[in-house]
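Here are the chains, one letter per residue:
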Amino acid sequence: MKKIAILTSGGDAPGMNSCIRAVVRAATSENLEIFGIRRGYEGLINGDLIHMDRRSVANIIHLGGTILGTARSAEFRTKEGRTLAIKVLRQYGIDGLVLIGGDGTFRGGTQLALECGVAIIGVPGTIDNDVYGTDFTIGFDTAINTALESIDRIRDTALSHDRLFFVEVMGRHTGYIALESGLAGGAEEVLIPEIPTSIDELCDRLLNSFGAGKRSAIVVVAEGEQAGDSFRIAREVKEKCGYESRVCILGHVQRGGSPTARDRVLASKLGAATVSGLLNGKSGCMVGEMCGEIAYTPLEDTWNKKKELNHSLRELALLLAG
Ligand code: F6P
């Protein structure tokens, strides 16, 4: 192994830069040459590579976003797109590729690993935390803390106006962000895609709480197929039990900001582990952390298998609310 390349792909996540730094510095410590690929698979297809060294990752450990840029590449999903990407890898003589991203990135990476003969290791970087093979993804801790800060602020105004609020958080198809920010934010109810929402049950809970003397409430809603579903829920609650409410969609605010210490530590550990993994002959896998230990999981499992969400956290949130 002499030359490796690194890219970030899919939704950016705080801590991606800390991870790029770790990969570049661990690689140069092993005398590997390293290239950064700009804008994810798009940049790989178009040959947009830059040479990196220890100085090119100076002062980025605390920065949100990704210095390499990212994209969701439709072209890479085609055989023609991947053929162009493989040509670029050959042209640069790359023998190891590090992919930082989420399930979509690893789906593409699995296919590329089968077709290109280059050693590939993934690192889980997404605010959604929905990747099988790691307890936490890089960016999740920062995102839940960002969401929590907003929930705390909403609580101030909810209390002042005796209001019901619906706060919608990100997490396409999964309720991890909603669950943890909802529990930590003392939400009255947490609505997640893994448990179908019953407007009747939600109204019963709200009626009980307000009947018992509550003056305000916060319901944390995980975005569904499309952002903005909480407007529909708020409307149905108004129709069913008459409560006026306000809706606040946190959106992409949750994707930005300086990574927390936890995310920086995780990113540093996993970034360094990709380099040792590549040097030890690992390929076609993702490096994650499970129960505090570095764990390598076949790339295909990371998006094919479902990471189970801890439902008891929602029960705890409901038990403690009120
Ligand atoms: O996967 C991360 C994520 O932020 C999801 O939580 C969200 O549904 C999606 O990306 C939004 O994607 P985009 O930035 O393409 O709108």
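J.: Help me out: how do you make sense of the layout of surface pockets in this one?
T.: Space left empty within the atom packing is revealed by a probe, the size of a water molecule, rolled over the atoms. Considering only enclosed or pocket space, the largest pocket measures out at about 980 Å³ in volume. Every residue lining the largest pocket is counted, 42 residues in all, and those nearest its centre are Arg72, Gly102, Asp103, Gly104 and Arg172. Those elements that provide at least two residues to the lining of the largest pocket are helix H4 (103-116), strand S6 (164-169) and helix H10 (299-304). With six residues, the top contributor of residues to the lining of the largest pocket is H4. For the lining of the largest pocket, the class distribution of residues is 10 nonpolar, 17 polar and 15 charged. When residues of the lining of the largest pocket are assigned to domains, at least three map to each of domain 1 (3-139 + 259-304) and domain 2 (140-255). Lining the second largest pocket are 13 residues, and of these Phe136, Asp141, Arg262, Leu266 and Glu289 lie nearest its centre. For the lining of the second largest pocket, the element with the highest residue contribution is helix H9 (residues 261-279), accounting for five residues. Looking at which domains feed residues into the lining of the second largest pocket, each of domain 1 (3-139 + 259-304) and domain 2 (140-255) supplies at least three.

J.: How do you make sense of the sheet that holds strand S11 (residues 293-298) when you look at a structure like this?
T.: The strands that make up a sheet pair up through hydrogen bonds in the backbone, lying either parallel or antiparallel. Read across the open sheet, the seven strands follow the order S3-S2-S1-S4-S5-S10-S11; overall the sheet is mixed. Of all strands in the sheet, those bounded by a partner on one side alone are strand S3 (49-52) and S11. Direction aside, neighbouring strands of the sheet carry axes that sit 30 degrees apart on average.

J.: Even after reading the chapter, I still don't get the site of the ligand, so can you show me in this structure?
T.: Residues in close proximity to the ligand include Arg72, Thr126, Ile127, Asp128, Met170, Gly171, Arg172, Glu223, His252 and Arg255, which together make up its full environment. Contact distances for the ligand include 2.4 Å between an oxygen atom and a side-chain N or O atom of glutamate 223. One of the side-chain N or O atoms of histidine 252 is found 3.0 Å from an oxygen atom in the ligand. Considering the ligand on its own, with 400 Å² of exposed area, one finds that the protein chains cover 76% of that surface.

Thresholds, definitions, all that
Residue positions are given per chain, counted from 1 along the sequence in the order it is written. Restriction of local features to residues with pLDDT of at least 70 applies here, the model being predicted, together with a cutoff of 80 or more for giving and counting side-chain atom pairs; totals for whole chains, interfaces and linings are based on all residues. In computing side-chain properties, one takes all heavy atoms of the structure into account and sets aside hydrogens as well as water. Here a cavity means grid points, on a 1 Å grid over the protein atoms only, where a 1.4 Å probe fits yet cannot get out; a pocket means an open set of points with protein on both sides within 12 Å along at least five of seven lines; lining residues are those with an atom within 4 Å of a point. Grid points are joined across faces, edges and corners, and a volume is the space filled by probe spheres set on the points. Note on conventions: DSSP H or I runs of at least 4 residues are helices, E runs of at least 2 residues are strands, and numbering of each starts at the N terminus. Lys, Arg, Asp and Glu make up the charged group, whereas Ala, Val, Leu, Ile, Met, Phe, Trp, Tyr, Cys and Pro make up the nonpolar group; the residues left over, Gly among them, are polar. The split into domains, and so the bounds of each, comes from an automatic or database assignment of domains. Two strands qualify as a pair provided DSSP detects at least 2 bridges between them. In this analysis, axes come from line fits to C-alpha atoms, helices being fitted only over the stretch in contact, and the angle between any two N-to-C directions falls in the range 0 to 180 degrees. We call a residue near a molecule or strand as soon as one heavy atom of that residue lies within 4 Å of the molecule or strand. Pairs of N or O atoms are called polar contacts if they sit within 3.5 Å, as long as, within protein, a hydrogen donor faces a hydrogen acceptor (for residues adjacent in sequence, only side-chain-to-side-chain pairs). Calculation of accessible area relied on Shrake-Rupley with a 1.4 Å probe; when residues are assessed, cover is drawn exclusively from the protein chains displayed.

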